[in-house]
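Below, each chain spelled out in residue letters.
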Amino acid sequence: MASLTASGLGSGLDVSSIISQLMAIERQPLKTMQSAETSINAKISSFGKIQSGLSSLRDKAAAFNSTSLWGQTSTTVSDASVATVTSLSGKNGAAGSHSLQVNALATTQTLSSAVFASSSATLSAGSLTIELGSWTGGSPPTGFSAKSGATPVTIDIADGETSLSAIRDKINKANAGVTAGIVTDSSGSRLTLRSTKTGEENAFRITATETSDNGNAATGLSALAYSATTTSPMSRNQVAGNAQVLINGLSISSASNTIDNAIEGLSIKLGKASGSPVELTVASDHSELKTKLNDFISAFNGLSDTIKSETKYDAATKSAGKLQADRTAVGIQSQMRQMVFEAFSGSGSGDLKRLSDIGVSINASGKLELKSSRLDAALENPTQVKELLNGGDSSTTALTGVMKRFRKYADSVLGTDGALQTRTDGLRSELKRNQTKQEALELRMTGIEARLNKQYQSLDTQMSKIGSLSSAVSNLSSLSSYYYY
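Cut-offs used in this document
Residues numbered from 1 in each chain as written. Predicted model: local features only at pLDDT ≥ 70, side-chain atom pairs only at ≥ 80, totals over all residues. Heavy atoms only, no water. Phe/Tyr/Trp six-rings, centres within 6.5 Å; stacked < 30°, edge-to-face > 60°. Buried < 20%, exposed > 50% of the residue type's maximum accessible area, 1.4 Å probe, protein only. Helix = DSSP H or I, 4+ residues; strand = E, 2+ residues; numbered from the N terminus. Pairing = 2+ DSSP bridges. Axes fitted to C-alpha atoms, helices over the stretch in contact; angles between N-to-C directions. Core = buried A, V, L, I, M, F, W, Y, C linked by side-chain atoms within 4.5 Å. Contact = heavy atoms within 4.5 Å. 1 Å grid on protein atoms, 1.4 Å probe; cavity = no way out; pocket = protein on both sides within 12 Å on 5 of 7 lines; lining within 4 Å. Points joined across faces, edges and corners; volume = space filled by probe spheres on them. Nonpolar A, V, L, I, M, F, W, Y, C, P; charged D, E, K, R; others polar. Polar contact = N/O pair within 3.5 Å; in protein donor to acceptor, adjacent residues only side chain to side chain.

Caption draft 1: Quick look at the packing of aromatic side chains. Counting across every chain of the model gives five aromatic pairs. Ring centres of Trp135 and Phe144 lie 4.7 Å apart, and the angle between their planes is 65°; on these two criteria the pair is classed as edge-to-face. Under the relative-accessibility criterion, Phe144 is labelled buried at 17%. Seen in terms of ring centroids, Trp135 and Tyr226 are 6.1 Å apart; in terms of plane orientation they differ by 90°. Their pairing is edge-to-face. Separated by 91 residues along the polypeptide, Trp135 in strand 5 (residues 126–136) and Tyr226 in the loop between strand 10 (203–210) and strand 11 (235–238) bring together distant segments of the chain. The same class applies to Trp135 as to Tyr226, namely buried. Three or more aromatic residues link up through ring pairs in this structure, and these residues are Trp135, Phe144 and Tyr226.

Here you go:
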């Protein structure tokens, strides 16, 4: 211990310094515990990083279990203005080439009224009944067939609601399958009516009933009546019609300009009549599969880097990772590599037995890398690739597809009884014990310091008394000498 020198009251001892240095010695075990606490927390943090990386790897491997991933296709039309094609949700069209000819687009029935002075021009009170259906009997039609499931809608027009604009608003609020508008030009205003849906079955007729009929069909509310079988005040500007399409020479009629499943798994949206065939091509599309494979490789390499960093030993700097030589961390790294190298012995994968057979291999630095040319060659048989990655019966590792292996392994390691959770729980228990010991030691240190303070205060008092007695004796001795002489 360093020499203790100080000037003080009474004893002349630096009591505060003495106690401080004695307590520093007493606290050495506490410092060791605090250092251990820091180390334990660092290990828990390191395992947290590994846990996060393994969870990400599991998710990337699980992506190969998606049914929509396999057999994806892309479609092209030689003239995109004629039609656009997309895959229906959860389905993929079979690869192939088709001829598509659009002879007519589906249309809505549109009507317009005679010219009125303005949108505020008034007609008369009464009611309008709108019925959806199709016109029958040729051209001109001779009959009307009501649309299956549709119900005629009657719109009452009361006094004060007879202006052209008010009637428009009443029709639009009625949800009768017809939309109304007003078009105004230099000659005046016209009420226009249009089916809300295309197709022959969405044509409509209008019956007008006036509260007080003057007998003139061209005036009052009667001016808005329409029937294709008779002369009507309203004019039909466009006939409701079905789309007429030839697919591979077969005639198809559709009430909509979007045709689903005429070619299985595809939705064809018509753009215009072509008059001549265009080519519709469905080709295999592996772009999403390649993206997910690259995502898996990135997650694998990221986890490998994390484990390497946390378990490394640098001989040059003589520094070690927080989990250097930790069996759990090193074991995860070893198992990951084993799952990459182990051959798949299940059926259906043909000559594809390992990830390296589809271009995924471990390089000299221990990371996965992808050779695109080899993957493209393997994808000539996509069902074999699917079996290698996601097939097997899972009875053994060898009989489990590679991505299934990683998913199952990650689930087991990350589970409540898994190696990572068990190791982390053990560290947390060790941390708790350490903290409990620190608290007990801190309490003990407080007692020791109080005892030392009390002892040295007592010593200081005694030393002060001895000093006073020494002075008294010294004074007495001097007095005795005086009388002697």
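Caption draft 2: Region of the structure containing the sheet that holds strand 13 (residues 250–254). Read across the open sheet, the five strands follow the order 1-16-3-12-13; overall the sheet is antiparallel. Where the open sheet ends on each side, the last strands, each with one partner, are strand 1 (73–77) and strand 13. Going from strand to strand, the sheet's axes swing by 25° on average, the running direction of each strand aside. Where strand 3 (residues 96–104) and strand 16 (residues 278–284) come together, five bridges link them in antiparallel fashion. Counted as the bridge partner of Gly96 is Val282 from strand 16.

Caption draft 3: View of the nonpolar core. Ile50, Leu57, Phe64, Ile358 and Phe406 are the most contacted members of the largest nonpolar core, which has 46 residues in total. Of all elements in the fold, only helix 2 (28–62), helix 4 (287–311), helix 5 (327–341), helix 6 (372–378), helix 7 (382–390), helix 8 (402–414) and helix 9 (419–484) reach the threshold of two or more residues within this core. In terms of residues, this core owes the most to one element, helix 4, which gives eight residues. Not counting residues within four places of it along the chain, the set of residues in contact with Ile50 comprises Leu303, Thr306, Ile307, Leu323, Ala329, Ile332 and Leu420.

Caption draft 4: Molecular detail of empty space enclosed by the protein. Going through the model one piece at a time under the given rule, you end up with one cavity of 30 Å³ or more. Every residue along the wall of the largest cavity is listed here: Leu69, Trp70, Gly71, Gln72, Asp285, His286, Leu289 and Pro382. When grouped by side-chain class, the residues that make up the lining of the largest cavity number four nonpolar, three polar and one charged.

Caption draft 5: Summary view of the side chain of Gln101. Looking at the element boundaries, Gln101 is found in strand 3. Of note is the side chain of Gln101, whose polar atom sits 2.8 Å from the side chain of Asn103.

Caption draft 6: Region of the structure containing unusual backbone geometry. Here the amide bond leading from Ser139 into Pro140 is cis, since omega sits at 0°, within 30 degrees of zero. Relative to the assigned elements, Pro140 resides in the loop between strand 5 and strand 6 (143–146). One non-glycine residue with positive phi stands out, namely Asn175, at about 50°. By relative accessible area, which is 66% here, Asn175 ends up exposed. For Ser394, which is not glycine, the phi torsion reads 65° and is therefore positive. Checked against the element boundaries, Ser394 lands in the loop between helix 7 and helix 8.

On their own, these measurements won't tell you what the molecule is for.
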